[in-house]
Amino acid sequence: MTDVSKKETPKPQVVSQEGGEGVEDDNQTLQLAIEQSKIKLVSQPPSLNAIAIEAHFSMEHLVNELEQTLAAGHYKQPPIFNKVQMLMEHYDSSTLDYQKYALRSGGNMYTRNLVKKTPYFTLMVLVWPPSITSPIHDHGGSECWLRVVSGSLEERFYETPECVDSKLRMRFAQVHASPAVCFINDEQGLHAIANPSDSEWAISLHCYVPGYEECHAFFDKNNAQKGKKCCKLAFNSVDGVMLEDE
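Residue positions are given per chain, counted from 1 along the sequence in the order it is written. Confidence filtering applies because this is a predicted model: local features only for residues at pLDDT of at least 70, side-chain atom pairs given and counted only at 80 or more, and all residues used for totals across whole chains, interfaces and linings. As a rule here, side-chain values come from all non-hydrogen atoms in the structure, and water together with hydrogens is ignored.

## Details of the sheet that holds strand S14 (residues 241-242)
A sheet is described by the order of its strands in space; here 7 strands give the open sequence S8-S5-S10-S3-S2-S13-S14, paired in mixed fashion. The two strands at the open ends of the sheet, each matched to only one other strand, are strand S8 (181-185) and S14. Examined bridge by bridge, strand S3 (residues 122-128) and strand S10 (residues 202-209) share 7 bridges and lie antiparallel to one another. Its bridge partner being in S10, Thr 122 is matched across the sheet by Tyr 208. Two strands are counted as paired when DSSP detects at least two bridges linking them. Helix and strand assignments follow DSSP, with helices taken as H or I runs no shorter than four residues and strands as E runs no shorter than two, numbered in order from the N terminus.

## Considerations on the packing of aromatic side chains
Each Phe, Tyr or Trp ring (for Trp, its six-membered ring) is paired with any other whose centre lies within 6.5 Å, and the angle between the two planes then decides the class: stacked below 30 degrees, edge-to-face above 60, tilted in between. Tallying each qualifying case throughout the model produces 6 aromatic pairs. Taking 4.9 Å as the distance between ring centres and 50° as the angle between the ring planes, the aromatic pair formed by Phe 81 and Trp 145 counts as tilted. Note that Phe 81 is positioned in helix H3 (residues 78-90) and Trp 145 in strand S5 (residues 143-150), a separation of 64 residues in sequence. Through a chain of ring-to-ring contacts, the aromatic side chains of Phe 81, Trp 145 and Phe 183 assemble into a single cluster. Lying across the ring of Trp 201, Arg 104 places its NZ or CZ 3.7 Å from the centre. By definition, being over a ring means that NZ of Lys or CZ of Arg is both within 6 Å of the ring centre and within 35 degrees of the ring normal.

## Remarks on the packing of helix H2 (residues 59-70) against H3
Working note: a packed helix pair is described by the angle between its axes plus the distance between those axes. Their axes nearest at 10 Å, the elements H2 and H3 cross at an angle of 175°. It follows that H2 is roughly antiparallel to H3 by the angle criterion. Packed against H2, whose contacting residues are Leu 62, Glu 65, Leu 66, Thr 69 and Leu 70, the element H3 presents Ile 80, Lys 83, Val 84, Leu 87 and Met 88 at the interface. In the contact of H2 with H3, the residues fall into 7 nonpolar, 1 polar and 2 charged. Lines are fitted to the C-alpha atoms to define the axes, a helix being fitted only along its stretch in contact, and any angle between axes, read from their N-to-C directions, falls within 0 to 180 degrees. Any angle that falls under 35 degrees is termed roughly parallel, while one over 145 is termed roughly antiparallel, one within 65 to 115 roughly perpendicular, and all others oblique. We call two residues contacting when some pair of their heavy atoms lies within 4.5 Å. The residue classification treats Ala, Val, Leu, Ile, Met, Phe, Trp, Tyr, Cys and Pro as nonpolar and Asp, Glu, Lys and Arg as charged. All others, Gly included, are polar.

## Focus: unusual backbone geometry
For the bond from Ser 178 to Pro 179, the omega torsion is 10°, close enough to zero to count as cis. In this structure, the amide linkage connecting Val 209 to the following residue, Pro 210, adopts the cis form with an omega of -15°. Topologically, Pro 210 is positioned in the loop between S10 and strand S11 (214-218). Positioned with a positive phi, Ser 131 is a non-glycine residue whose angle comes to about 65°. Looking at the secondary structure, you find Ser 131 in the loop between S3 and strand S4 (136-137). Accessible area is worked out with a 1.4 Å probe on protein chains only. A residue is then buried under 20% of its type maximum, exposed over 50%, and partly exposed in between. Since its relative accessible area comes to 47%, Ser 131 is described here as partly exposed. A positive phi is found at Asp 239, a non-glycine position, where the angle reads about 55°. Structurally, Asp 239 can be placed in the loop between strand S13 (237-238) and S14.

## What to know about the environment of Met 109
Structurally, the position occupied by Met 109 is in the loop between H3 and strand S2 (111-117). C-alpha separation for the pair Met 109 and Thr 133, spaced 24 residues apart in sequence, amounts to 8.9 Å. With residues near it in sequence (within four places) discarded, Met 109 still touches Val 127 and Pro 129.

## Here we look at the pattern of salt bridges
Salt bridges, as used here, are contacts in which a Lys or Arg side-chain nitrogen is within 4 Å of a carboxyl oxygen on Asp or Glu. Overall, the coordinates contain 8 salt bridges when judged by the stated rule. Among the salt bridges present, the one from Lys 76 reaches Glu 143, with a minimum N-O distance of 3.2 Å. Separated by 67 residues along the polypeptide, Lys 76 in the loop between H2 and H3 and Glu 143 in strand S5 bring together distant segments of the chain. Judged by its relative accessible area of 45%, Lys 76 is partly exposed. On the accessibility criterion, Glu 143 (5% relative accessible area) is buried.

## Considering H3
Side chains three or four residues apart in an α-helix point the same way, a direct result of the helix having 3.6 residues per turn. Here, expected helix span is obtained from the residue count minus one, scaled by 1.5 Å. Between its first and last C-alpha, H3 extends 18 Å over 13 residues, near the 18 Å set by a 1.5 Å rise per residue. Every buried residue of H3 is accounted for by Ile 80, Lys 83, Val 84, Met 86, Leu 87, Met 88 and His 90.

All quantities given are derived from atomic positions and should not be read as evidence of function.
Encoded structure:
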């Protein structure tokens, strides 16, 4: 059985947190994580208890594997969920084939660039200028794997407001450096993504399952309802081709 990766994924750095203390993994849990990182997955046939794929692979291979895996059953089934996690971790960004999709806008805004949209998932590349932050948002019932392809991103978690006029309180934030993979869904609350660097661009790869058409964004931290807006999903480019502004 071939070692799938000899790279060490940086641990997320907790930059702020209210209440509670982090707990170190014990040696047994750490050893289990190490062994799991050496497992190779198999996609053919889609009996997802099996194990085997190439250690590192292209964007095209990632898209094909995601489509085959997610078509095999519900994404919350542990074998499917775990395989998607490993696929996102083992995409080989050193080939730079993501750059076809990593298009920048003329303004100082992050861009959403569609790679693939199917009934099972939506895959996109986001490009983050220095010091840019997304609005606080939910995911419209979708769930998301985020792979940092280049640079670092800070993920800020907020409590879901208890009342319509509640303040949006940040619970904690974590910095994820390439090639980290993180996961978010609406059960974890709201979040925002920021590029913490004031000089370096960042690029991320997002797999939404299932794909979403709209979500809620919050533009007023002091009053959730006042700043709440329903936002339709829109892309700056599709398959590497920039779209004209409407």
